[in-house]
Amino acid sequence: MTRIGESPPRPDGLPKVTGGARYGDDFELPGMLYGATVRSSHAHAALEAVRWRPERAPEGAVCVTAADLPGPNGVLLIDDAWPILAAEETCHVGEAVALVAAASRLDARRAVAAVEVEYRELPAVVDLDAADRHEPFCRYGLERGDVDAAFADASLSVVEGTYRTGHQEHIYIECQAMTAWFQEDGALRVIGSMQCPYYVHKSLVHAFGLAPERVRVEASAVGGGFGGKEDFPSMVAIHAALLARASGRPVRIAYDRHEDIVGTTKRHPARVRHRTAFTDEGRLRAMEIEVVIDGGAYPTLSSVVLSRAVLHAAGPYRCPNVRVRGRAVRTHTATNGAFRGFGAPQVQFAVERQIDRVARALDLDPLSIRLRNALVPGDHFPTGQVADETTSARACLEKVQEITGFRERWRQLEQARGGRRDGRPARGLGLSLYFHGAGFTGNGERRMRSPVTARLGRDGRLEILTAMVDMGQGVAVVYPQLACEASGLGPDDVTFADPDTGRVPDSGPTVASRTTMVVGQLVSRVAVELAERVVEWWMKSQGTTERPALAGGQLTTADGTARPFREVAAACVAELGELETTLRYEPPETGQPFDEATYQGDAYPTFSWGADVVEVEVDPDSLEVRPQRAVAVCEVGRALHPTLCAGQIEGGTLQAIGWGLLEEMKLEGGRYLNDRMATYIIPTIKDSPRIQVHLLERPFAGGPFGAKGVGELPMDGGAPAVVAAVENATGLGLSEIPATPERLMGALTAAGGVFPK
Amino acid sequence: MKIRLTVNGTSRELDAHPMARLLDVLRQELDLTGTKEGCGEGECGACTVILDGEPVLSCLVPVLQAGGREVETVEGLAEGEGREFLERFVNTGGVQCGACTPGIVVTARALLARDPEPSREQIREALAGNLCRCTGYEGILRAFRAGGPG
């Protein structure tokens, strides 16, 4: 059975473990060429000339430059300011300047060398602080209460802090890969690795000036996304299609890892400044927060990332007076884009470190200060949104304390720390509390009104048609679960359609923890509606007014006779033809509308909640941090498929710990110094702690069977918890991640060479 | 040059450049695309295959070196008694996106052939060269534990 709350096997599981699943670079087309990209070697330069020298290239190779574009030179996302190919100037190292295609991968690389590019260097702005002296891409902010009056209150204490987080590279194990060709009738086809088929579709329609129905985009199996296949695949798809147009052949572009790191988007680096006023009992009275994120060379999604950052900046805390000012600045580095968490992990690292700093000022332990200030139902977020009944910050804290005995052990380790020099590893515990707004920010869902279609085929099976991509999270098993549970169909009665814009409606992008909560809800409803049409047809055909029960795929009448739904449905389709139902998302009319000018109102339909405790050992000589155990308590509304749900949290927790401890893009003059997997380090199994997930369930009325979004939530908690654990172990309180041995050595040296008390 | 090797129990003769990567020969000449390229420099383990019983990184092996030897890829694991482990691997959440999965199940096969009941530490040691970005490794470790190793 595939009931909600059970964990049936995912349909893509066996093909994946036996090597049969076909990813972006796993199939050949007749006559296919291989594309390659000529990339800028300068952070900022005028392009004096881009010359194709075919005589130096392998026979039959083709080249495309900005001069050959059939339409506007922009990848359409929110706007089209992101050049398809650099034209007058190049604004980051690795920016695409020209494209080539040839008969083999090797020949394509040779053809790259046949493109001459003349640069004239221009001044480059390559770091966030320098960029912050220039006009930003955008600004957002919000204000609640009277912040200035609170800071003027002499009875309150004030703590300040500045926190920094760096780039994070997605390192999906499958690099970007896309294949494009033009059919004989001139229609454009694209297949590849992507999260958002209709984003790619929209950008192709824009770039080639084709009618929407003349462009068809299909997602292959996707070897990891994490946001890295939200925005960038549009670029790769346009590139492949340009080469297909120039050559008249199918063209595959598959990045190698080096190219993928150099050329594609990353998590926005951030600098967050906090000023916090609080009472002697540790109650927050005012927070003034400045958030600056580094958007890289082009605006792409930075405005929406900043928006989410501003809305999460004050953390899951109750505070009557809050001011947040945010801006996204421009540097001459690769465009930063979507990455799991989407601006929230950066600001929650900062606010968690700041809360720990407030606690230390009062000699409070990290649990007590959080319990004292955590939002409870009925409290207000800084936007004025009322925390709903499922607000679970306290429950997460209490549960993680119960599992780990955090408070007592943290206190013990604090007291044991001072001056010990016996060469043994220093142990420490860290706590974080976090939340994540599920679904699109503000009025996004209201604007999109995503459709979902269910179709009943001749075999009597119900097919769910959405644009949602299974990039590992398991939508291909969860949607049939939802459809069965809601309608009473059996597991063999429901199939999940591969995302193909030629068949599925635009149910929006696979992002923002919206797949289950928002689109999944429609999947349930549309299945019920279609099943109902079959039941009604059957009653009419039998001339009865007595409703049969529909459960487990069987229609059962009052006399106990059971008929397989599929047989009845097949008979229904044989008479009426194929049936189809489409429903659109209608956001609940409860709550306050979100005002995009003032940032007041309901920013998200609801929030998911979490608390992490991470335990580490720190080598006293090398200052290497070895996480031993991570306990994540997460409140997700309802866990529809507990194995996959826990899997999201296990994986996200490790990705967050990796970001907090190991992962660092080192730049010099806008050039990445560690642009390979040998030098950009993500956690191996040996670097990983035991990860223990505990799910709390408080069903949310706006999600299917109570489910809230899950995918991004765990990305918010790991980094602040692991850095707090390092502080508990060593007394070294970092305000910047990753907590590499080098950075800890700097802090230790500044502390006079001994672990502070 | 002509190279003869055994792939998943079948003898194959091919014409390849002796320094061609075994990875490319498997994927392009033999259409065994289950073996993945994640980094091309021996860091991620996605391209792991079994060469005469030992897991190797096929992106670092010139096909010449595989001449006259036995190669086992992920496609070969589905046959026989290893199937139970693969099904368990799916059920415990060992698979999410699946891009690292072939390398991991191939490495696991080599480990389990040596030691049918490895400890958590032995599993971690054996898989230290296989990066996974989705699972946090817990679902992978559970596949070994649940119901005893296969």
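Because the structure is predicted, anything quoted here is derived from the model rather than measured. (Residues numbered from 1 in each chain as written. Chains lettered and ligands numbered in written order. Predicted model: local features only at pLDDT ≥ 70, side-chain atom pairs only at ≥ 80, totals over all residues.)

(A) Representation of the overall build of chain B in the model. Along chain B, the regular secondary structure elements total 7 helices and 5 strands. Put simply, chain B runs from its N terminus to its C terminus through helices and strands in the order β-β-α-β-β-α-β-α-α-α-α-α. Rg of the C-alpha trace for chain B: 15 Å, near the compact-globule value of 15 Å for 150 residues, within the 12% margin. Overall, chain B is about 45 × 30 × 25 Å in size when its C-alpha atoms are taken along their principal axes. Evaluated residue by residue, chain B yields a buried proportion of 56% over its 150 residues. Pairs at least 24 apart in sequence give 64% of the contacts found in chain B among residues at least 6 apart. (Helix = DSSP H or I, 4+ residues; strand = E, 2+ residues; numbered from the N terminus. Rg over C-alpha atoms; globule rule 2.2 N^0.38 Å. Buried ≥ 20, exposed ≤ 12 C-beta atoms within 10 Å, placed from the backbone. Contact = placed C-beta atoms within 7 Å.)

(B) Region of interest: the nonpolar core. All names here are of chain A. Judged by nonpolar contacts, the single largest core of 297 residues is most densely connected at Val100, Val190, Ala240, Val291, Ala483 and Val726. For this core, the element with the most residues is helix α15 (residues 515–542), which contributes 12 residues. Sequence-distant contacts of valine 100, defined by excluding residues within four places in its chain, comprise Gly35, Ala36, Val38, Ala61, Val62, Cys63, Ala108, Ala111, Val112 and Val115. (Core = buried A, V, L, I, M, F, W, Y, C linked by C-beta atoms within 7 Å.)

(C) Broad picture of helix α9 (residues 344–362) of chain A. An ideal rise of 1.5 Å per residue puts 27 Å on 19 residues; α9 of chain A measures up with 27 Å between its terminal C-alpha atoms. The buried fraction of α9 of chain A amounts to 15 of the 19 residues, a majority that puts the element mostly inside the structure. (Expected span 1.5 Å × (residues − 1).)

(D) Up close: the interface of chain B and chain A. The interface is formed by 40 residues belonging to chain B together with 44 residues belonging to chain A. Counting residues per element, the ones that place at least two in the side of chain B that touches chain A are α3 (74–77), α4 (83–91), α5 (101–114) and α7 (138–145) of chain B. Ranked by residues supplied to the side of chain B that touches chain A, first place goes to α4 of chain B with 4 residues. Grouping the constituent residues of the side of chain B that touches chain A by class yields 20 nonpolar, 13 polar and 7 charged. (Nonpolar A, V, L, I, M, F, W, Y, C, P; charged D, E, K, R; others polar.)

(E) Looking closely at the sheet that holds strand β5 (residues 70–72) of chain B. All names here are of chain B. Spatially, the 5 strands line up as an open sheet ordered β2-β1-β5-β3-β4, and their pairing is mixed. Looking at the sheet topology across the chains shown, the edges are occupied by β2 (10–15) and β4 (54–57). Between one strand and the next, the sheet's axes are offset by a mean angle of 40 degrees, whatever the strand orientation. The pairing of strand β1 (residues 2–7) with β5 spans 2 bridges and is parallel. Note that in β5 the partner of valine 7 across the bridge is valine 71. Along the sheet, α5 contacts β3 (48–51) and β4; its crossing angle with β3, the most-contacted strand, is approximately 30 degrees. (Pairing = 2+ DSSP bridges. Axes fitted to C-alpha atoms, helices over the stretch in contact; angles between N-to-C directions.)

(F) Layout of the packing of helix α14 (residues 475–487) of chain A against α15 of chain A. Residue and element names in this part refer to chain A. One way to put it is that α14 packs onto α15 with a least axis distance of 8 Å and a crossing angle of 45 degrees. Here α14 is positioned oblique relative to α15, judged by the angle of their axes. Handedness of the α14/α15 crossing: right-handed. Residues Val475, Val478, Tyr479, Leu482, Ala483, Ala486 and Ser487 of α14 pack against Thr515, Thr516, Gly520, Val523, Ser524, Ala527, Val528 and Ala531 of α15. The class makeup of the residues in the contact of α14 with α15 is 10 nonpolar, 5 polar and no charged. (Parallel < 35°, antiparallel > 145°, perpendicular 65-115°, else oblique. Left-handed = near helix turned anticlockwise from the far one by under 90°.)

(G) Seen up close, the packing of helix α10 (residues 366–373) of chain A against helix α11 (residues 393–404) of chain A. Residues and elements named next belong to chain A. Contact geometry of α10 with α11 gives a least axis separation of 9 Å together with a crossing angle of 155 degrees. The orientation of α10 with respect to α11, classified from their angle, is roughly antiparallel. Considering the relative orientation of α10 and α11, their crossing is left-handed. Counting all contacts with α10, which are made through Leu367, Arg370 and Leu371, the residues of α11 involved are Arg394, Leu397 and Gln401.

(H) Region of the structure containing the environment of glutamate 445 of chain A. All names here are of chain A. Secondary-structure assignment places glutamate 445 in helix α13 (residues 444–448). Given 22 C-beta atoms within a 10 Å radius, glutamate 445 is considered buried. Once the C-alpha coordinates of glutamate 445 and valine 125 are considered, the two residues, 320 residues apart in sequence, prove to be 36 Å apart. Filtering out sequence-adjacent residues up to four positions away, glutamate 445 remains in contact with Gly439, Phe440, Val518, Tyr585 and Pro587.

(I) Region of the structure containing the sheet that holds strand β16 (residues 426–438) of chain A. All names here are of chain A. Strand order in this open sheet of 4 strands is β16-β24-β25-β28, and the pairing throughout is mixed. Every interior strand has two partners, whereas the edge strands, β16 and β28 (690–696), have only one. If you compare each strand with its neighbour and ignore which way they point, the axes differ by 15 degrees on average. By the bridge criterion, 13 bridges tie β16 to strand β24 (residues 606–618) in an arrangement that is antiparallel. Bridge assignment links alanine 426 to a residue of β24, and that residue is valine 618.

(J) Looking closely at unusual backbone geometry. Residue and element names in this part refer to chain A. In this structure, the amide linkage connecting isoleucine 737 to the following residue, proline 738, adopts the cis form with an omega of 5 degrees. You can see proline 738 is positioned in the loop between α18 (718–730) and α19 (741–750). Although it is not a glycine, arginine 449 adopts a positive phi angle of roughly 45 degrees. Arginine 449 sits in the exposed class, given 12 other C-beta atoms within 10 Å.

(K) Representation of the pairing of strand β11 (residues 215–219) of chain A in the model. Residues and elements named next belong to chain A. Alternating positions in β11 separate cleanly, Val215, Val217 and Ala219 being buried on one face and Arg216 and Glu218 remaining unburied on the opposite face. Note: strand β10 (residues 188–192) against β11, 5 bridges, orientation parallel. By the bridge assignment, isoleucine 191 is partnered in β11 with glutamate 218. With helix α5 (residues 197–208) bridging β10 and its parallel neighbour β11, the resulting β-α-β unit is right-handed. (Right-handed = clockwise from strand over helix to strand, strands pointing away.)

(L) Expanded view of the environment of alanine 114 of chain A. Residue and element names in this part refer to chain A. By secondary structure assignment, the location of alanine 114 is in the loop between α2 (105–112) and β6 (115–121). On the basis of neighbour count, alanine 114 is assigned to the buried category, with 20 C-beta atoms found within 10 Å. Distance in space between the C-alpha atoms of alanine 114 and arginine 53 is 5.2 Å, their sequence separation being 61 residues. Discounting residues that sit within four places of it in the chain, alanine 114 has contacts with Trp52, Arg53, Pro54, Arg56 and Ala57.

(M) Focus on the environment of alanine 750 of chain A. Residue and element names in this part refer to chain A. Looking at where alanine 750 falls in the secondary structure, it is placed in helix α19. Alanine 750 sits in the exposed class, given 10 other C-beta atoms within 10 Å. Taking the C-alpha atoms as reference, alanine 750 lies 9.7 Å from leucine 732; in sequence the two are 18 residues apart.

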